[in-house]
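Per-entry structural report
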Amino acid sequence: MNKLLKTCLFAAATLVGHEAVLAQGKVYTNPIGLQAYTFRGSWPKGIEATLDTIKSLGVTEMEGGPIAGMTTEELRKQLDKRGIKMVSIGADYKKLAESSEQTIKDAKILGAKYVMVAWIPHNGKFDLETAKKAVADFNKAGKELKEAGIELTYHNHGYEFEPYEDGTLFDYLVKNTNPEYVNFEMDLLWTAFPGQDPAALLLKYPTRWKLMHLKDLKKGVVGNLSGGTPTTNDVALGTGSINIAAALKAAKKVGVKHYFIEDESPSYLKQIPQTIAYIKGLKE
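This text gives an overview of the structure that appears in the document. The structure displayed is predicted, hence computed values, not measured ones. (Residues numbered from 1 in each chain as written. Predicted model: local features only at pLDDT ≥ 70, side-chain atom pairs only at ≥ 80, totals over all residues. Heavy atoms only, no water.)

**Quick notes on the overall build of the protein**
- Helix and strand counts for the protein come out as 11 helices and 12 strands.
- Its C-alpha atoms give the protein a radius of gyration of 20 Å, near enough to 19 Å, the size a compact globule of 284 residues would have.
- Here the protein holds 284 residues, and the buried ones make up 49% of them.
- Considering only contacts in the protein between residues 6 or more positions apart, those separated by 24 or more positions represent 77%.
- Here the protein displays about 13700 Å² of accessible surface, and carbon together with sulfur accounts for 55% of that area.
- When the 36 positive and 33 negative side-chain charges of the protein are each reduced to one mean point, those points stand 7 Å apart. (Helix = DSSP H or I, 4+ residues; strand = E, 2+ residues; numbered from the N terminus. Rg over C-alpha atoms; globule rule 2.2 N^0.38 Å. Buried < 20%, exposed > 50% of the residue type's maximum accessible area, 1.4 Å probe, protein only. Contact = heavy atoms within 4.5 Å. Areas by Shrake-Rupley, 256 points an atom, 1.4 Å probe, with all protein chains shown as cover. Lys, Arg positive; Asp, Glu negative; His and termini not counted. Charge placed at Lys NZ, Arg CZ, Asp CG, Glu CD.)

**What about the packing of aromatic side chains?**
- All chains considered together, the criterion is met by 13 aromatic pairs.
- Here the aromatic cluster, defined as three or more aromatic residues joined through ring pairs, consists of Tyr 93, Phe 138, Tyr 154, Phe 161, Phe 170, Phe 184 and Trp 209.
- A cation sits over an aromatic face here: Arg 40 above Tyr 37, 4.5 Å from the ring centre. (Phe/Tyr/Trp six-rings, centres within 6.5 Å; stacked < 30°, edge-to-face > 60°. Lys NZ or Arg CZ within 6 Å of the ring centre and 35° of its normal.)

**Quick word on the side chain of Asp 234**
- Mapped onto the elements of the fold, Asp 234 is located in strand 11 (residues 234-235).
- One buried charged residue, Asp 234, forms no salt bridge at all, with the nearest opposite charge on Lys 215 at 4.3 Å.
- Of the polar contacts made by the side chain of Asp 234, one reaches the backbone nitrogen of Glu 264; its length is 2.9 Å. (Salt bridge = Lys/Arg side-chain N within 4 Å of Asp/Glu carboxyl O. Polar contact = N/O pair within 3.5 Å; in protein donor to acceptor, adjacent residues only side chain to side chain.)

**Some words on the pairing of strand 4 (residues 114-117)**
- Where burial is concerned, the two faces of strand 4 agree: the one with Tyr 114 and Met 116 and the one with Val 115 and Val 117 are both buried.
- As judged from the three bridges shared by strand 3 (residues 85-90) and strand 4, these two strands associate in the parallel manner. Looking at strand 4, one finds that Ile 89 is bridged to Val 115.
- Bridge count between strand 4 and strand 5 (residues 151-155): four bridges; the pairing is parallel. Within strand 5, the residue paired with Val 117 across the bridge is Tyr 154.
- Taken together, strand 4, helix 6 (residues 128-147) and strand 5 constitute a β-α-β crossover, and its handedness is right-handed. (Pairing = 2+ DSSP bridges. Right-handed = clockwise from strand over helix to strand, strands pointing away.)

**Brief notes about helix 7 (residues 169-176)**
- Of all eight residues making up helix 7, six are buried, and the element is well covered by its neighbours.
- Residues of helix 7 that are buried: Leu 169, Phe 170, Asp 171, Tyr 172, Leu 173 and Val 174.
- For helix 7, the N-terminal cap is Thr 168; the gap from its side-chain oxygen to the backbone nitrogen of Phe 170 is 3.2 Å.

**Description of the pattern of salt bridges**
- The tally for this structure, following the rule as stated, stands at 12 salt bridges.
- Across the pair Lys 204 and Asp 171 runs a salt bridge whose closest N-O atoms are separated by 3.0 Å. Linking Lys 204 in helix 9 (residues 198-204) with Asp 171 in helix 7, this pair joins segments that are 33 residues apart in sequence.
- Since its relative accessible area comes to 46%, Lys 204 is described here as partly exposed.
- Within this structure, Asp 187, Lys 215, Glu 262 and Glu 264 form a network of salt bridges that share partners.

**As for the environment of Pro 31**
- Tracing the backbone shows Pro 31 in the loop between helix 1 (3-23) and strand 1 (33-35).
- Pro 31 sits 27 residues away from Gly 58 along the chain, and the two C-alpha atoms are 8.8 Å apart.
- Discounting residues that sit within four places of it in the chain, Pro 31 has contacts with Thr 60 and Glu 61.

**Focus on the nonpolar core**
- In terms of nonpolar packing, the biggest core is built from 79 residues, with Met 62, Met 212, Leu 214 and Leu 248 touching the most fellow members.
- If one sorts the elements of this core by residue count, helix 10 (residues 244-254) sits on top with seven residues.
- Excluding residues within four positions of it along the chain, Leu 214 makes contact with Tyr 28, Leu 188, Leu 237, Leu 248, Tyr 259, Phe 260, Ile 261, Glu 262 and Ile 279. (Core = buried A, V, L, I, M, F, W, Y, C linked by side-chain atoms within 4.5 Å.)

**Here's the deal with the packing of helix 6 against helix 7**
- Remark: helix 6 packs on helix 7, axes separated minimally by 10 Å, with the N-to-C direction vectors making an angle of 25 degrees. Between helix 6 and helix 7, the interaxial angle falls into the category roughly parallel. Crossing angle aside, the handedness with which helix 6 passes helix 7 is right-handed. Where helix 6 abuts helix 7, its residues Leu 128, Ala 131, Lys 132, Ala 134, Val 135 and Asn 139 lie against Leu 169, Tyr 172, Leu 173 and Asn 176.
- Here the contact of helix 6 with helix 7 is composed, by residue class, of seven nonpolar, two polar and one charged. (Axes fitted to C-alpha atoms, helices over the stretch in contact; angles between N-to-C directions. Parallel < 35°, antiparallel > 145°, perpendicular 65-115°, else oblique. Left-handed = near helix turned anticlockwise from the far one by under 90°. Nonpolar A, V, L, I, M, F, W, Y, C, P; charged D, E, K, R; others polar.)

Without other data, these values stay purely geometric and don't point to any function.
The structure is reproduced here in C-alpha coordinates:
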(Lines give C-alpha, C1' and ligand atoms only; values in the text may rest on other atoms or scores of the structure.)
Protein backbone atom coordinates (compact mmCIF):
# COMPACT_ATOMS: atom_id res chain seq x y z
CA MET A 1 0.00 0.00 0.00
CA ASN A 2 1.55 3.34 -1.03
CA LYS A 3 1.94 6.25 1.36
CA LEU A 4 -0.73 8.44 -0.29
CA LEU A 5 -3.36 5.68 -0.09
CA LYS A 6 -2.49 5.05 3.57
CA THR A 7 -2.87 8.76 4.31
CA CYS A 8 -6.27 8.90 2.55
CA LEU A 9 -7.54 5.82 4.38
CA PHE A 10 -6.37 7.23 7.71
CA ALA A 11 -8.10 10.54 7.01
CA ALA A 12 -11.32 8.76 6.06
CA ALA A 13 -11.23 6.62 9.20
CA THR A 14 -10.59 9.71 11.33
CA LEU A 15 -13.55 11.50 9.74
CA VAL A 16 -15.87 8.53 10.35
CA GLY A 17 -14.65 8.33 13.94
CA HIS A 18 -15.20 12.07 14.40
CA GLU A 19 -18.77 11.81 13.08
CA ALA A 20 -19.43 8.90 15.43
CA VAL A 21 -18.23 10.98 18.38
CA LEU A 22 -20.46 13.87 17.33
CA ALA A 23 -23.46 11.52 17.08
CA GLN A 24 -22.88 10.25 20.61
CA GLY A 25 -25.19 11.89 23.09
CA LYS A 26 -27.63 13.09 20.44
CA VAL A 27 -31.23 11.99 20.75
CA TYR A 28 -31.99 12.25 17.03
CA THR A 29 -29.50 10.60 14.68
CA ASN A 30 -31.73 9.63 11.74
CA PRO A 31 -31.91 11.35 8.34
CA ILE A 32 -34.21 14.36 8.14
CA GLY A 33 -37.53 13.29 6.63
CA LEU A 34 -40.53 15.30 5.49
CA GLN A 35 -44.20 14.56 4.84
CA ALA A 36 -45.09 15.98 1.40
CA TYR A 37 -48.48 17.20 2.70
CA THR A 38 -46.55 19.93 4.54
CA PHE A 39 -45.96 21.62 1.16
CA ARG A 40 -49.51 21.16 -0.16
CA GLY A 41 -49.71 24.90 -0.86
CA SER A 42 -46.42 24.87 -2.78
CA TRP A 43 -46.72 21.90 -5.16
CA PRO A 44 -49.24 23.57 -7.53
CA LYS A 45 -46.88 26.54 -7.93
CA GLY A 46 -43.97 24.37 -9.13
CA ILE A 47 -42.98 20.82 -8.29
CA GLU A 48 -39.29 21.12 -9.14
CA ALA A 49 -38.93 24.43 -7.31
CA THR A 50 -40.62 22.93 -4.26
CA LEU A 51 -38.28 19.93 -4.36
CA ASP A 52 -35.35 22.37 -4.51
CA THR A 53 -36.65 24.10 -1.38
CA ILE A 54 -37.06 20.75 0.38
CA LYS A 55 -33.53 19.73 -0.57
CA SER A 56 -32.16 23.06 0.68
CA LEU A 57 -33.60 22.26 4.12
CA GLY A 58 -31.38 19.17 4.31
CA VAL A 59 -34.22 16.71 3.76
CA THR A 60 -33.10 13.36 2.32
CA GLU A 61 -36.23 11.25 2.96
CA MET A 62 -39.87 11.86 2.17
CA GLU A 63 -43.29 10.38 2.66
CA GLY A 64 -45.81 11.32 0.01
CA GLY A 65 -46.71 9.72 -3.28
CA PRO A 66 -47.65 10.79 -6.82
CA ILE A 67 -48.09 14.56 -7.28
CA ALA A 68 -50.65 16.11 -9.63
CA GLY A 69 -48.93 17.77 -12.57
CA MET A 70 -46.05 15.31 -12.96
CA THR A 71 -45.90 11.63 -13.91
CA THR A 72 -44.84 9.33 -11.12
CA GLU A 73 -41.88 8.19 -13.24
CA GLU A 74 -40.72 11.79 -13.70
CA LEU A 75 -41.17 12.48 -10.00
CA ARG A 76 -38.85 9.58 -9.22
CA LYS A 77 -36.24 11.07 -11.57
CA GLN A 78 -36.51 14.47 -9.92
CA LEU A 79 -36.19 12.94 -6.45
CA ASP A 80 -33.16 10.89 -7.49
CA LYS A 81 -31.58 13.99 -9.01
CA ARG A 82 -31.75 15.69 -5.61
CA GLY A 83 -30.71 12.71 -3.51
CA ILE A 84 -34.13 12.39 -1.87
CA LYS A 85 -35.68 8.97 -1.19
CA MET A 86 -39.46 8.55 -1.11
CA VAL A 87 -39.43 5.82 1.52
CA SER A 88 -43.18 5.84 2.23
CA ILE A 89 -46.31 6.75 0.30
CA GLY A 90 -49.84 7.47 1.46
CA ALA A 91 -52.89 5.49 0.34
CA ASP A 92 -56.60 6.24 0.51
CA TYR A 93 -58.37 3.71 2.76
CA LYS A 94 -61.29 3.01 0.42
CA LYS A 95 -59.15 2.68 -2.71
CA LEU A 96 -56.68 0.39 -0.96
CA ALA A 97 -59.49 -1.78 0.43
CA GLU A 98 -60.90 -2.17 -3.07
CA SER A 99 -57.56 -2.91 -4.75
CA SER A 100 -53.90 -2.66 -3.79
CA GLU A 101 -52.69 -2.85 -7.40
CA GLN A 102 -52.21 0.88 -8.09
CA THR A 103 -50.68 1.51 -4.67
CA ILE A 104 -48.14 -1.26 -5.26
CA LYS A 105 -47.35 0.15 -8.70
CA ASP A 106 -46.80 3.68 -7.33
CA ALA A 107 -44.66 2.39 -4.46
CA LYS A 108 -42.47 0.38 -6.83
CA ILE A 109 -41.94 3.33 -9.17
CA LEU A 110 -41.04 5.66 -6.31
CA GLY A 111 -38.91 3.08 -4.50
CA ALA A 112 -41.08 3.22 -1.37
CA LYS A 113 -40.85 0.42 1.18
CA TYR A 114 -43.84 1.57 3.22
CA VAL A 115 -47.45 2.49 2.54
CA MET A 116 -49.41 4.40 5.16
CA VAL A 117 -53.13 4.99 5.62
CA ALA A 118 -53.92 8.11 7.67
CA TRP A 119 -57.71 8.01 8.01
CA ILE A 120 -60.38 5.36 8.48
CA PRO A 121 -63.71 6.75 7.17
CA HIS A 122 -66.37 6.92 9.88
CA ASN A 123 -69.48 8.87 10.81
CA GLY A 124 -69.68 10.41 14.26
CA LYS A 125 -67.67 8.60 16.92
CA PHE A 126 -65.25 5.92 15.80
CA ASP A 127 -66.87 2.66 16.89
CA LEU A 128 -66.15 -1.05 17.27
CA GLU A 129 -67.86 -2.07 14.03
CA THR A 130 -65.73 0.38 12.06
CA ALA A 131 -62.63 -0.88 13.85
CA LYS A 132 -63.51 -4.48 13.03
CA LYS A 133 -63.94 -3.66 9.34
CA ALA A 134 -60.64 -1.74 9.34
CA VAL A 135 -58.85 -4.74 10.86
CA ALA A 136 -60.16 -7.02 8.10
CA ASP A 137 -59.34 -4.52 5.35
CA PHE A 138 -55.86 -3.83 6.70
CA ASN A 139 -55.00 -7.51 7.13
CA LYS A 140 -56.09 -8.24 3.56
CA ALA A 141 -54.32 -5.26 1.94
CA GLY A 142 -51.28 -5.72 4.18
CA LYS A 143 -50.87 -9.30 3.02
CA GLU A 144 -51.00 -8.21 -0.63
CA LEU A 145 -48.46 -5.45 -0.01
CA LYS A 146 -46.17 -7.79 1.94
CA GLU A 147 -46.16 -10.21 -1.00
CA ALA A 148 -44.94 -7.29 -3.14
CA GLY A 149 -42.18 -6.44 -0.65
CA ILE A 150 -43.96 -3.44 0.90
CA GLU A 151 -45.07 -2.81 4.50
CA LEU A 152 -48.48 -1.38 5.41
CA THR A 153 -48.72 1.04 8.31
CA TYR A 154 -51.71 2.77 9.86
CA HIS A 155 -51.21 6.35 11.01
CA ASN A 156 -53.25 7.16 14.12
CA HIS A 157 -55.38 10.31 13.91
CA GLY A 158 -56.77 10.69 17.42
CA TYR A 159 -60.33 9.41 17.07
CA GLU A 160 -59.22 5.77 17.64
CA PHE A 161 -58.72 6.39 21.36
CA GLU A 162 -62.40 5.94 22.19
CA PRO A 163 -62.66 3.81 25.37
CA TYR A 164 -63.09 0.09 24.77
CA GLU A 165 -62.96 -2.68 27.38
CA ASP A 166 -59.88 -2.00 29.54
CA GLY A 167 -58.26 0.22 26.92
CA THR A 168 -59.19 1.95 23.69
CA LEU A 169 -60.22 1.09 20.16
CA PHE A 170 -56.64 1.86 19.16
CA ASP A 171 -55.58 -1.04 21.37
CA TYR A 172 -58.16 -3.15 19.53
CA LEU A 173 -56.62 -2.21 16.16
CA VAL A 174 -53.13 -3.11 17.35
CA LYS A 175 -54.14 -6.41 18.95
CA ASN A 176 -56.26 -7.62 16.04
CA THR A 177 -54.14 -6.67 13.05
CA ASN A 178 -51.57 -9.24 11.98
CA PRO A 179 -48.08 -7.86 12.73
CA GLU A 180 -46.74 -9.73 9.70
CA TYR A 181 -48.89 -7.56 7.46
CA VAL A 182 -49.84 -4.41 9.40
CA ASN A 183 -47.89 -2.07 11.63
CA PHE A 184 -48.12 1.56 12.68
CA GLU A 185 -46.93 5.11 12.14
CA MET A 186 -47.23 7.37 15.17
CA ASP A 187 -48.30 10.97 14.64
CA LEU A 188 -47.11 12.79 17.76
CA LEU A 189 -49.78 15.50 17.62
CA TRP A 190 -52.62 13.06 16.98
CA THR A 191 -51.42 10.96 19.90
CA ALA A 192 -51.11 13.82 22.39
CA PHE A 193 -54.23 15.76 21.27
CA PRO A 194 -56.65 12.99 22.40
CA GLY A 195 -54.82 12.76 25.73
CA GLN A 196 -52.34 9.93 25.17
CA ASP A 197 -48.66 9.91 26.13
CA PRO A 198 -46.62 9.28 22.95
CA ALA A 199 -43.60 7.81 24.76
CA ALA A 200 -45.76 5.47 26.85
CA LEU A 201 -47.72 4.29 23.81
CA LEU A 202 -44.53 3.60 21.88
CA LEU A 203 -43.22 1.47 24.75
CA LYS A 204 -46.59 -0.28 25.17
CA TYR A 205 -46.30 -1.79 21.67
CA PRO A 206 -42.52 -1.89 21.12
CA THR A 207 -42.58 -4.10 18.02
CA ARG A 208 -45.37 -2.38 16.10
CA TRP A 209 -44.10 1.13 15.36
CA LYS A 210 -42.18 1.62 12.11
CA LEU A 211 -42.65 5.29 11.18
CA MET A 212 -43.32 8.62 12.90
CA HIS A 213 -44.75 12.05 12.10
CA LEU A 214 -42.86 14.76 13.95
CA LYS A 215 -45.37 17.41 15.05
CA ASP A 216 -45.92 19.57 18.12
CA LEU A 217 -49.14 20.97 19.58
CA LYS A 218 -49.56 24.59 20.63
CA LYS A 219 -49.44 25.09 24.39
CA GLY A 220 -52.80 25.47 26.10
CA VAL A 221 -54.83 23.67 23.43
CA VAL A 222 -57.49 21.40 24.92
CA GLY A 223 -57.76 18.17 22.93
CA ASN A 224 -60.56 15.75 22.17
CA LEU A 225 -61.33 12.61 20.15
CA SER A 226 -62.44 14.38 16.95
CA GLY A 227 -59.23 13.85 14.99
CA GLY A 228 -59.28 17.52 14.01
CA THR A 229 -57.90 20.85 15.23
CA PRO A 230 -57.09 24.18 13.49
CA THR A 231 -53.83 23.99 11.52
CA THR A 232 -52.54 27.00 13.46
CA ASN A 233 -52.22 24.66 16.44
CA ASP A 234 -49.27 22.98 14.67
CA VAL A 235 -46.13 24.64 16.03
CA ALA A 236 -42.38 24.16 15.61
CA LEU A 237 -41.04 21.20 17.57
CA GLY A 238 -39.88 22.19 21.02
CA THR A 239 -42.20 25.20 21.29
CA GLY A 240 -45.39 23.26 22.03
CA SER A 241 -46.84 21.07 24.77
CA ILE A 242 -45.53 17.64 23.70
CA ASN A 243 -42.48 16.11 25.39
CA ILE A 244 -40.62 15.61 22.10
CA ALA A 245 -37.38 14.44 23.72
CA ALA A 246 -39.13 11.65 25.64
CA ALA A 247 -41.03 10.55 22.51
CA LEU A 248 -37.86 10.47 20.40
CA LYS A 249 -35.95 8.51 23.04
CA ALA A 250 -38.77 5.96 23.21
CA ALA A 251 -38.96 5.81 19.41
CA LYS A 252 -35.25 5.08 19.20
CA LYS A 253 -35.61 2.39 21.85
CA VAL A 254 -38.42 0.57 19.98
CA GLY A 255 -36.68 0.90 16.61
CA VAL A 256 -38.78 3.39 14.65
CA LYS A 257 -37.24 3.33 11.16
CA HIS A 258 -38.12 6.68 9.57
CA TYR A 259 -39.27 10.07 10.82
CA PHE A 260 -41.15 12.69 8.80
CA ILE A 261 -41.66 16.30 9.80
CA GLU A 262 -45.26 17.21 9.09
CA ASP A 263 -46.23 20.83 9.65
CA GLU A 264 -49.79 21.70 8.67
CA SER A 265 -49.43 25.30 9.86
CA PRO A 266 -49.61 28.21 7.38
CA SER A 267 -46.19 29.17 8.83
CA TYR A 268 -44.50 25.91 7.78
CA LEU A 269 -41.68 27.61 5.85
CA LYS A 270 -40.70 29.52 8.98
CA GLN A 271 -41.28 26.63 11.39
CA ILE A 272 -39.53 23.76 9.59
CA PRO A 273 -35.99 25.19 10.03
CA GLN A 274 -36.79 25.72 13.73
CA THR A 275 -37.98 22.13 14.02
CA ILE A 276 -34.88 20.75 12.30
CA ALA A 277 -32.55 22.82 14.51
CA TYR A 278 -34.40 21.63 17.59
CA ILE A 279 -34.25 17.91 16.87
CA LYS A 280 -30.61 18.14 15.76
CA GLY A 281 -29.73 19.89 19.01
CA LEU A 282 -31.47 17.48 21.39
CA LYS A 283 -28.99 15.81 23.75
CA GLU A 284 -29.40 12.70 25.87
